[in-house]
Amino acid sequence: MNEYNFAYLDEQTKRMIRRAILKALAIPGYQVPFASREMPMPYGWGTGGVQVSAAVLVPEDTLKVIDQGADDTTNAVSIRRFFERTAGVAVTEATAEASVIQTRHRIPEAPLRADQILVYQVPIPEPLRFLEPSEVETRKMHALEDYGLMHVKLYEDISRHGAISTSYAYPVKVEGRYVMDPSPIPKFDNPKLEMAAIQLFGAGREQRIYAIPPHTRVVSLDFEDHPFEASKADHACGLCGATDSYLDELIVDDEGGRMFLCSDTDYCAGRRRAGHAGAEAAPFEEDAA
Amino acid sequence: MQAATLEGGFGDGPRDAAHAFRAVMTAMARPGEIVTVAGARPPAPLSAAAGVVLLTLCDPDTPLFLAPSHALPQVREWIAFHTAAPLCPAAGAMFALGPWDALPLADLPLGTSEYPDRSATLIVEVDRLDPEGATLAGPGIVGTARLSLPDLAAFRENARLFPLGLDFVFTCGDRLAALPRSTKVS
């Protein structure tokens, strides 16, 4: 603990990130450039989220880190351990007990409260990037609120597949102004973007920070005759039986056997602890969760 | 240089700044919410809250405009020693500090349409800060909130410029509240 400055980053770096966060909150959905630092993990492992978390953490925080909804994957475990060591904060796997949650590609199933902060790891922050590779051009498009290209993309989805086939990183419009990439969360999570907690997005390699203040209007782009639909696999969780949570598909043998289970491990474990059981559930054991 | 210049900074920089930023961020994310901050004892006429905001956000990278009423030797020396923020004319400021009447709103940077974040943040010293008066609505607010503001027309005009515009932090004693450009005031 004593070998590191609190939360790893030096104070001048934290001030720079903090100023970017304040501007991001003042202009919801706008990507604020920041001078991303090299972190002791590779780009693509959540360096943007880690830098944002380092700038907002206080010693009394309880941190939860999830990767695709799971608390026990390599990425989540190493980031949690990083902040235990460099900030001395408490950590948890329980969504309700956390004050700061860093996430890769999911929003927890349990509704977040006003006293919680959700920090997203973002790979490509620019929603228009795959449609227009030039930063100069996309910046101009945001300035002019020229989002026709995005609607053309969604329309081409419909003409090719009969429906909007974009299933993750589904573009949203924030407070009626900026089109924003909600990071590669499944579109099932899009309706949850209007929440009581503060949401901060950090893209380390791309050097951008953006934010959604609590209770901000976030609308998934769609068409009147093809309205947005938050979809998920049409199954119940094999372990806890939940029908309302986002599911991962798991291949279980070489014969094409498969099962569906909650992507949010804390939500699933909580339900099993409460006695819910899915079709493929073994008797619940605490240490197996 | 007086000994007083050297005092009044954060006792434990990283942790005091972390707590202070969390409070400022909460205020900016929830316009109208009044938070209490601690850790700075700046020289008069600066309020403790204004001192905390300076220590938390300002450094050699942030040109600061001081209103004439606050551009006093003891204030300038305290800011120089604790933050090293360069003082500058209003047109180049990232931060501006002073009482409402002494801040040249028209001269401060509003950002550009391609970089709306390149706008000034104002630290406005006010005599009273209460959850009453003007009605606020917008991101961060459930329904409406109320906050005692020193003006109405100026904030209405500022919100109309969105996504350009100034962002405000109101400081009073050890309390502060914020008003980002996204908030509609009536």
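Keep in mind that this is a model prediction, so the values were computed, not measured.

What counts, and at which threshold
Residue positions within a chain follow its written sequence, with the count starting from 1. Chains carry letters and ligands carry numbers; both start at the beginning, A for chains and 1 for ligands, and go up in the order they are written. Under the rules for a predicted model, residues below a pLDDT of 70 receive no local features and side-chain atom pairs below 80 are neither given nor counted, while totals for whole chains, interfaces and linings still include all residues. Only DSSP runs of H or I with at least four residues qualify as helices, and only runs of E with at least two residues qualify as strands; both kinds are numbered from the N terminus onward. The globule rule is 2.2 Å times the number of residues to the power 0.38, and the radius of gyration it is compared with is taken over C-alpha atoms. Counting other C-beta atoms within 10 Å of its own, a residue is labelled buried from 20 upward, exposed at 12 or fewer, and partly exposed in the gap between, with every C-beta atom placed from the backbone. Two residues qualify as a contact pair if the distance between their C-beta atoms, derived from the backbone, is within 7 Å. Within a predicted model, pLDDT stands for the predictor's per-residue confidence, ranging from 0 to 100. Ten residues, namely Ala, Val, Leu, Ile, Met, Phe, Trp, Tyr, Cys and Pro, are considered nonpolar, four, namely Asp, Glu, Lys and Arg, are considered charged, and the remaining ones, Gly among them, are considered polar. Comment: axis = line fitted to C-alpha atoms, over the contacting stretch for helices; angle = value between 0 and 180 degrees taken between N-to-C directions. We call two directions roughly parallel when the angle between them is under 35 degrees, roughly antiparallel when it is over 145, roughly perpendicular when it lies between 65 and 115, and oblique otherwise. Strands were regarded as paired on the criterion that DSSP finds at least two bridges between them. Marked domain ranges trace back to an automatic or database domain assignment. A set of buried Ala, Val, Leu, Ile, Met, Phe, Trp, Tyr and Cys residues, joined through C-beta atoms within 7 Å, is what we mean by a nonpolar core. One fewer than the residue count of a helix, multiplied by 1.5 Å, yields its expected span. This arc is built from the directions going out from the helix axis to the C-beta atoms.

With that settled, the discussion passes to the overall build of chain A. Helices and strands together make up the secondary structure of chain A, namely six helices and 12 strands. Rg of the C-alpha trace for chain A: 19 Å, near the compact-globule value of 19 Å for 289 residues, within the 12% margin. Its C-alpha atoms give chain A principal-axis dimensions of roughly 60 × 55 × 35 Å. Burial analysis of chain A (289 residues in total) assigns 48% to the buried set. Contacts in chain A between residues at least 24 apart in sequence constitute 62% of all its contacts with a sequence separation of at least 6.

Here we take up the confidence of the model for chain B. Looking at chain B as a whole, the pLDDT averages 97, with 99% of positions reaching at least 70. Scoring the predicted complex yields pTM 0.96 and, for the interface, ipTM 0.98.

Each side of the interface is counted separately: chain A has 31 residues, and chain B has 30 residues. Among the secondary structure elements, those contributing two or more residues to the side of chain A that touches chain B are helix H1 (11-26) and helix H4 (135-143) of chain A. Class assignment for the residues of the side of chain A that touches chain B results in 18 nonpolar, four polar and nine charged.

Our next topic: the packing of helix H2 (residues 13-29) of chain B against helix H3 (residues 48-57) of chain B. All names here are of chain B. In the contact formed by H2 and H3, the axes pass within 9 Å of each other and the chain directions differ by 110 degrees. The angle between H2 and H3 places the two elements in the roughly perpendicular class. Between H2 and H3, the residues in contact are Ala-17, Ala-20, Phe-21 and Val-24 and Val-52, Val-53, Leu-55 and Thr-56, respectively.

Now for the sheet that holds strand E6 (residues 172-174) of chain A. The strands that make up a sheet pair up through hydrogen bonds in the backbone, lying either parallel or antiparallel. All names here are of chain A. Pairing in this open sheet of three strands is antiparallel, and the strands run E7-E6-E10 from one edge to the other. The open sheet has two free edges, formed respectively by strand E7 (178-180) and strand E10 (218-220), since each of these has just one partner strand. Neighbouring strand axes in the sheet, compared pairwise and without regard to direction, differ in orientation by 30 degrees on average. In terms of strand pairing, E6 meets E10 through three bridges, oriented antiparallel. Bridge assignment links Val-172 to a residue of E10, and that residue is Ser-220.

All names here are of chain A. Its location among the elements puts Ile-158 in helix H5 (residues 148-161). You can call Ile-158 partly exposed: it has 14 C-beta atoms within 10 Å. The spatial distance from the C-alpha of Ile-158 to the C-alpha of His-226 is 8.3 Å, given a sequence separation of 68 residues.

What follows deals with the sheet that holds strand E1 (residues 35-36) of chain B. All names here are of chain B. The six strands lie next to each other as E1-E8-E7-E4-E3-E2, forming an open sheet whose pairing is mixed. The sheet is open, and its two edges are formed by E1 and strand E2 (64-66), each paired on a single side. Looking at chain direction, E1 and strand E8 (residues 175-179) are connected through two bridges and run antiparallel. Residue pairing in the sheet places Val-35 in a bridge with Leu-176 of E8. The strands touched by H3 within the sheet are strand E3 (95-99), strand E4 (121-125), strand E7 (167-172) and E8, with E7 carrying the most contacts at an inclination of about 135 degrees.

Moving on: the domain arrangement of chain A. One widely used convention gives an interface's size as the accessible area the parts lose upon coming together. All names here are of chain A. When the domains of chain A are assigned, the result is domain 1 (11-220) and domain 2 (232-279). Centre-to-centre, using C-alpha coordinates, domain 1 lies 26 Å away from domain 2. Taken together, the contact between domain 1 and domain 2 spans 15 residues of the former and eight residues of the latter. Split by residue class, the side of domain 1 that touches domain 2 holds six nonpolar, three polar and six charged.

Within the largest apolar cluster, 118 residues are counted, with the highest numbers of intra-cluster contacts made by Ile21(A), Ala24(A), Val24(B), Val53(B), Phe95(B) and Val169(B). Apart from residues lying up to four places away in sequence, Val169(B) is in contact with Val24(B), Val53(B), Thr121(B), Leu122(B), Ile123(B), Val124(B), Leu176(B) and Ala178(B). Cys240(A), Leu261(A), Cys262(A) and Ala269(A) belong to the second largest nonpolar core, which has 13 residues in total.

Residue and element names in this part refer to chain B. Summarising the element assignment, Ser-119 is placed in the loop between E3 and E4. Along the primary structure Ser-119 and Arg-181 are separated by 62 residues, whereas in three dimensions their C-alpha atoms are 10 Å apart. In this view, Ser-119 contacts Pro-109, Leu-110, Gly-111, Leu-164, Gly-165, Leu-166 and Asp-167; residues no more than four positions away in its chain are not counted.

On to helix H3 (residues 74-86) of chain A. Residue and element names in this part refer to chain A. Between its first and last C-alpha atoms H3 spans 18 Å; for 13 residues at 1.5 Å apiece the expected length is 18 Å, and the two agree. The set of residues buried in H3 consists of Ala-76, Ile-79, Arg-80, Phe-82, Phe-83 and Thr-86. End-on, the buried residues of H3 take up no more than an arc of 155 degrees, which puts them together on one face. Those residues of H3 that are exposed and angled more than 90 degrees off the buried face are Thr-74 and Arg-81.

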